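Residue-level listing of the chains:
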Amino acid sequence: MSRQARRRHFHEELDTLQARLMEMAGLVERLIGQASESVLRRDASMVGRLIADDDRVDELEIEIDERVMELLALQQPMAVDLRQIVATNKASNDLERMGDHAVNIAKAARRLADAPAIPEVRELSEMVAVATDMVSRSLAAYVSRDPEAARRVCETDDRVDDLRGSMYRILVTHMLEDPRRLSAALELLLVSQNLERIADLATNIAEDVVFLVEGRNIKHGTGASPRRGGDAGS
Amino acid sequence: MATVHGIDTGGARPALEASSVSVFYGDTEAVRGVSLVVPPHQVVALIGPSGCGKSTLLRCFNRMNDLIPDARVEGRVDFHGQDLYEESIDPVEVRRRIGMVFQKPNPFPKSIFDNVAFGPRVNGFKGDLHEVVEASLRQSALWDEVSDRLGDSAYALSGGQQQRLCIARTLAVRPEIVLMDEPASSLDPIATQRIEELIYELKERYTIVIVTHNMQQAARISDYTAFLYMGELVEYGPTQAIFTNPREERTEAYVTGRFG
Amino acid sequence: MTLPASGLGPDVDRHDTRRRMMGRAFASLCALATCVGVVALAVLLVDVTLDGAPRLSADLLTSFASRFPERAGVKAALAGSVWIVSLTAVIAFPLSVSAAIYLEEYAPRHWSTRAIQTNIANLAGVPSIVYGILGLALFVRALGLDRSVLSGALTLSLLIMPVIIMAAQEAIRAVPPTIREAAYGLGATRWQVVRHQVLPMALPGILTGTILALSRALGETAPLIMVGAVGFVAFTPSGLSDQFTVLPLQIYSWVSRPQQGFHEVAAAGILVLLGLLLTMNAVAIVLRNRYRARL
């Protein structure tokens, strides 16, 4: 046993926890990508497998919950270990909800396939692109523990909100123009809402990264110093 | 009545099984009818407030209570299907198979080598002592620090090293079970951590029963935890369950620090 | 610069001077008491040395007693003392240590054990002449050993055994119980624990106690007289059944003579005796330090 091998058992457990989170992240990214594809290409064939993948995501969330409980109760983690465990807990909840939203999008895609066609909405593909990009950037920031990259993700959230506003107006226009487009337009509205939630959840994960690395809580626009004893600002 | 949950020996025979063990010092009943099963190759922790009888119970497992003139033990302690307190059993033979590490390091006033070799010698070991000593010191993670000075007095070592020497000494007789009575309570935090890592590694070869007044330590290193209060076994189960969701109110009060 | 008044009030500050003075007075009294003892000893030694030093020579050690003071020597007495003390050591040491081991390690916690303990302590305080009477009746007469070196040694053994037993018991008791626990925990039998752990650790204390007891035996006169040590012996003992004399006895018989010459040779004899005592005590200290260093 070398001098570096202190609390080896505990650190192995931490590594396993991280591995589970990464597995969840990988699954969710794929889920979102496939769900978005099925909407953009009006292809409902992969929806069944998607739902099965989401079940795995749910399983992982439960497993991570249990592991977090055990680590907190039994190992007295401190400092960065404690923040990592707490951040992992939050991130797994966010990822699970992302998975659910992706499933919603896929189900909407399946219903869209049966609905009468509707003209292409360009904003939709842009929204998909921005949202998926935010998800992958927030996860990359988590893996590389990069708070600056995380902060940039938070800044992108406004764009998604704007896009959802635009889509709302466009879709209303489509619906007023031709009542047969109603069901398709409503499904696309749903899809845009789910995409916006996915983007919000990606922002949450980015905020968790900042918490993990710097110990600061930047949720809800506080963006400032940690609650106690820290230096103000920056 | 004790609450016992989920002891999984994996189908193997338990390393130790206590059945209604009671210990009397004169008229005082220090341990009251404790029954528990120690699964093999696991770490079982005995926790509880001061004076709850955990050390006394531990000493029943290797008949160390025999050395106390006023002590009387009732009940059974089964080891390999054999009751250790039967008339025909020689306590000396028991202690060869069930070793003990004490609270304060207590190396003999001899050299490091002679300390570790003492156990095999008095038990009539005829093989290669050097091999046994080296193996034991390696197992207790002390070999690297003392291999070049085995002839030095044991008292030249630091507290943490002395305790690891005592562990090596105990392992030298190749016991099946190692009992530890608050082994780290007199050591500094770094030395304590090393002992804890050691216990985690020793689990592969031995079964360990450890008494500790440090709850967090029990949480960190044990697989099963038994909570004793005033001589009684209150609750016994997997450590995870005891510390995240105990079933007894008294257990919860103790682990949350509301008493003791 | 003085400190502000103490939180307890100015009375306390005034009390300090009185306390200090009393402390100093007490220390001085203790030093004075020590001086008394040291001075008395010094005076004695100086007196003896002045009287006896001129007579110290190799001749003194190699001559037997004689009617003429100038030719008197301590050869017989010195040999006798050495024989007696050596034989006493050989008899008393194993018996006492074994008794101490039994009492400390093996004897059950019973009123009879406590009774034995108390009686041993009492025996240590019995006047030595009583041992002489016992020796006369038991060894000289009953066992038929007659007035011999063996009788003398046996008598002195009885005398010093209680002292050695008590010292050995103290030394054994001083071995930490944790050491015993550790040894038992490794599967050692009681005998193994005693032989390998307790005895080696207790040995310095036991040896010190033994040698101090033997120093006392060296100076005993009364019991040996009872058992048959004679005042005028012109040979050194060569066997256990031989007659003998010892240094204190020789000194005493010289001092009782009227001639001044004998008083001087007696002083020289005292110096020889003191020399032996010092040597034995030095050996005790050396042994104690050496065993303590090994621990």
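Here the residue index of a chain counts from 1 through its sequence in written order. Chains and ligands are labelled by the order in which they are written, letters from A for the one and numbers from 1 for the other. At least 70 in pLDDT is required for a residue's local features to be given in this predicted model, at least 80 for side-chain atom pairs to be given and counted, and no such filter applies to totals for whole chains, interfaces and linings, which use all residues. In computing side-chain values, all of the structure's heavy atoms are included and hydrogens and water are not.

Q: Residue-level account of the overall build of chain A, with values.
A: For chain A, the helix and strand inventory stands at six helices and zero strands. The way it works is that DSSP assigns letters per residue, a run of H or I at least four long becomes a helix, a run of E at least two long becomes a strand, and they are numbered from the N terminus. Going residue by residue from the N terminus, the α and β elements of chain A occur as α-α-α-α-α-α. The proportion of buried residues among the 234 residues of chain A is 47%. In chain A, of all internal contacts separated by at least 6 residues, the share reaching a separation of at least 24 is 82%. Shrake-Rupley sampling with a 1.4 Å probe provides the accessible areas, and residues are treated as covered by the protein chains on show and by no other component. As displayed, chain A has an accessible area near 11,200 Å², and 50% of this comes from carbon and sulfur atoms. Only protein chains enter the accessibility calculation, which uses a 1.4 Å probe; a residue whose area is less than 20% of its type maximum is buried, one above 50% is exposed, and one in between is partly exposed. Two residues qualify as a contact provided that any one of their heavy atoms is within 4.5 Å of a heavy atom in the partner residue.

Q: I'd like to hear about the overall build of chain B, residue by residue, with values.
A: In terms of helices and strands, chain B carries 10 helices and 11 strands. Atoms counted for the radius of gyration: C-alpha only. Globule rule: 2.2 Å times residue count to the power 0.38. For 260 residues, the compact-globule formula gives about 18 Å, and the C-alpha radius of gyration of chain B, at 18 Å, lands near that figure. Expressed along its principal axes, the backbone C-alpha trace of chain B runs to roughly 55 × 45 × 40 Å. Within the span of chain B, comprising 260 residues, buried residues form 57% of the whole. For chain B, the proportion of contacts with a sequence separation of at least 24, taken over those separated by at least 6, is 69%. For chain B, the accessible area works out to roughly 10,600 Å², and carbon and sulfur atoms hold 44% of it. All tallies of charge rest on Lys and Arg as positive and Asp and Glu as negative; His and the ends of each chain are not included. A single reference atom marks each charge: NZ on Lys, CZ on Arg, CG on Asp, CD on Glu. One finds the centroid of the 26 positive side-chain charges in chain B at a distance of 3 Å from the centroid of its 35 negative side-chain charges.

Q: Run through the interface of chain B and chain A, naming residues and quoting values.
A: At the junction of the two partners, chain B supplies 14 residues and chain A supplies 14 residues. Of the roughly 1,500 Å² buried where chain B meets chain A, counting both sides, 56% is carbon and sulfur surface. Salt bridge, as used here, is a side-chain nitrogen of Lys or Arg placed within 4 Å of a carboxyl oxygen of Asp or Glu. At the junction of chain B and chain A, the tally comes to one salt bridge. Residues A:R8 and B:E201 are paired through a salt bridge, measuring 3.8 Å at the closest nitrogen-oxygen approach. Here's the idea: put two parts together, see how much 1.4 Å probe accessible area each one loses, and the total over both is what we call buried area.

Q: I'd love a proper account of the interface of chain C and chain B, names of residues and values included.
A: How large an interface is tends to be reported as the accessible area lost when its parts come together. Chain C puts 18 residues into the contact, and the matching count from chain B is 24 residues. Regarding the contact of chain C and chain B, the summed buried area is about 1,800 Å², with carbon and sulfur atoms giving 64% of it. When the area that chain C buries against chain B is broken down by residue, the three leading residues are C:E181, C:L186 and C:Q197, summing to 33%. There are one salt bridge connecting chain C and chain B.

Q: Can you explain the environment of A:I85? Please cite residues and give values.
A: Residues and elements named next belong to chain A. Residue placement: I85 occurs in helix 3 (residues 79-114). Sequence separation between I85 and L212 is 127 residues, and the spatial gap between their C-alpha atoms is 8.9 Å. Residue contacts for I85: discarding those within four places in its chain leaves L14, L17, V68, L71, L72 and P77.

Q: Before we move on, can you summarise a nonpolar patch on the surface with the specific residues and values?
A: Only residues whose relative accessible area exceeds 30% and that form no salt bridge are eligible for patches; like-charged ones are grouped when within 9 Å, while nonpolar side chains (Val, Leu, Ile, Met, Phe, Trp, Tyr) are grouped when within 5 Å. Taken together, the side chains of C:L41, C:L44, C:L45 and C:L274 make up a nonpolar region of the molecular surface, amounting to roughly 340 Å² of accessible area. Looking at the nonpolar patch element by element, the count peaks at three residues for helix 1 (residues 10-52) of chain C.

Q: Can you explain the sheet that holds strand 3 (residues 28-38) of chain B? Please cite residues and give values.
A: Residues and elements named next belong to chain B. Paired strands, in this sense, are two strands between which DSSP finds at least two bridges. The sheet built from four strands is open, its strands ordered 3-2-5-6 with antiparallel pairing. One side of each edge strand has no neighbouring strand; the edge strands of this open sheet are strand 3 and strand 6 (82-83). In this structure, strand 2 (residues 16-25) lies alongside strand 5 (residues 71-79), joined through seven bridges in antiparallel fashion. Along strand 5, the bridge assignment pairs Y25 with A71.

Q: Go over the confidence of the model for chain A, please, and point to the residues and values.
A: Detailed reading of predicted coordinates is not advised where the pLDDT is low. A residue's pLDDT is simply how confident the predictor is in it, with values from 0 to 100. Scored by pLDDT, chain A has a mean of 88; 92% of the residues are at 70 or more. Here residues 224-234 of chain A scores under 50 on pLDDT; set against residues more than four positions off or in separate chains, the count is 10 contacts.

Q: Got a sec to walk through the packing of helix 1 (residues 8-40) of chain A against helix 3 of chain A? Specific residues and values, please.
A: Residue and element names in this part refer to chain A. Only the stretch in contact is used when a helix axis is fitted, and all axes are lines through C-alpha atoms; the angle between N-to-C directions ranges over 0 to 180 degrees. Running from N to C, helix 1 and helix 3 cross one another at 20°; their axes reach a closest spacing of 9 Å. On the basis of the axis angle, helix 1 is roughly parallel to helix 3. Relative to helix 3, the crossing made by helix 1 is left-handed. Partitioning the contact of helix 1 with helix 3 into residue classes produces 19 nonpolar, eight polar and two charged. The labels follow the angle: roughly parallel below 35 degrees, roughly antiparallel above 145, roughly perpendicular from 65 to 115, and oblique for the rest. Two helices that cross are described as forming a left-handed crossing if the nearer one is turned anticlockwise from the farther one by less than a right angle, and a right-handed crossing if clockwise. In the scheme used here, Gly and all other residues not listed as nonpolar or charged are polar, with Ala, Val, Leu, Ile, Met, Phe, Trp, Tyr, Cys and Pro taken as nonpolar and Asp, Glu, Lys and Arg as charged.

Q: How would you summarise the sheet that holds strand 9 (residues 207-211) of chain B if you had to cite specific residues and measurements?
A: All names here are of chain B. Read across the open sheet, the seven strands follow the order 1-11-10-4-9-8-7; overall the sheet is mixed. Where the open sheet ends on each side, the last strands, each with one partner, are strand 1 (3-4) and strand 7 (98-101). Sitting on the sheet, helix 6 (residues 159-171) touches strand 7 and strand 8 (177-181), and the angle it makes with strand 7 is about 170°. Packed on one face of the sheet, helix 7 (residues 189-202) meets strand 4 (43-47), strand 8 and strand 9 and runs near 145° to strand 9.

Q: An account of the arrangement of the chains is needed here, citing residue identities and associated values.
A: Most contacts, when the two pairs of chains in contact are compared, are made between chains B and C. Separated without contact, chain A and chain C have their nearest C-alpha atoms at a distance of 26 Å.

Q: Before we move on, could you go through the side chain of B:E197 and cite the residues and values that matter?
A: Positionally, B:E197 belongs in helix 7. Within the buried set, B:E197 has no salt-bridge partner at all; the shortest N-O distance to an opposite charge, 4.5 Å, is to A:R8. Two N or O atoms form a polar contact when they lie within 3.5 Å of each other; inside protein one atom must be a possible hydrogen donor and the other a possible acceptor, and for residues adjacent in sequence the pair counts only when both atoms belong to side chains. A polar atom in the side chain of B:E197 sits 2.7 Å from the backbone nitrogen of A:R8.

Q: So, the packing of helix 3 (residues 112-122) of chain B against helix 6 of chain B: which residues are in play, and what are the values?
A: Residue and element names in this part refer to chain B. At a closest axis distance of 7 Å, the pairing of helix 3 and helix 6 adopts a crossing angle of 35°. Helix-helix and strand crossings are classified by hand; for helix 3 and helix 6 the assignment is right-handed. Where helix 3 approaches helix 6, its residues I112, N115 and V116 are matched on the opposing element by L165, A168 and R169. By residue class, the composition of the contact of helix 3 with helix 6 is four nonpolar, one polar and one charged.

Q: Lay out the pairing of strand 2 of chain B with the relevant residues and their values.
A: Residue and element names in this part refer to chain B. Across seven bridges, strand 2 lies against strand 3 in antiparallel orientation. Counted as the bridge partner of A18 is L36 from strand 3. Counting the residues between successive antiparallel strands, the hairpin from strand 2 to strand 3 contains two residues, one of them, G26, with a positive phi of roughly 65°.

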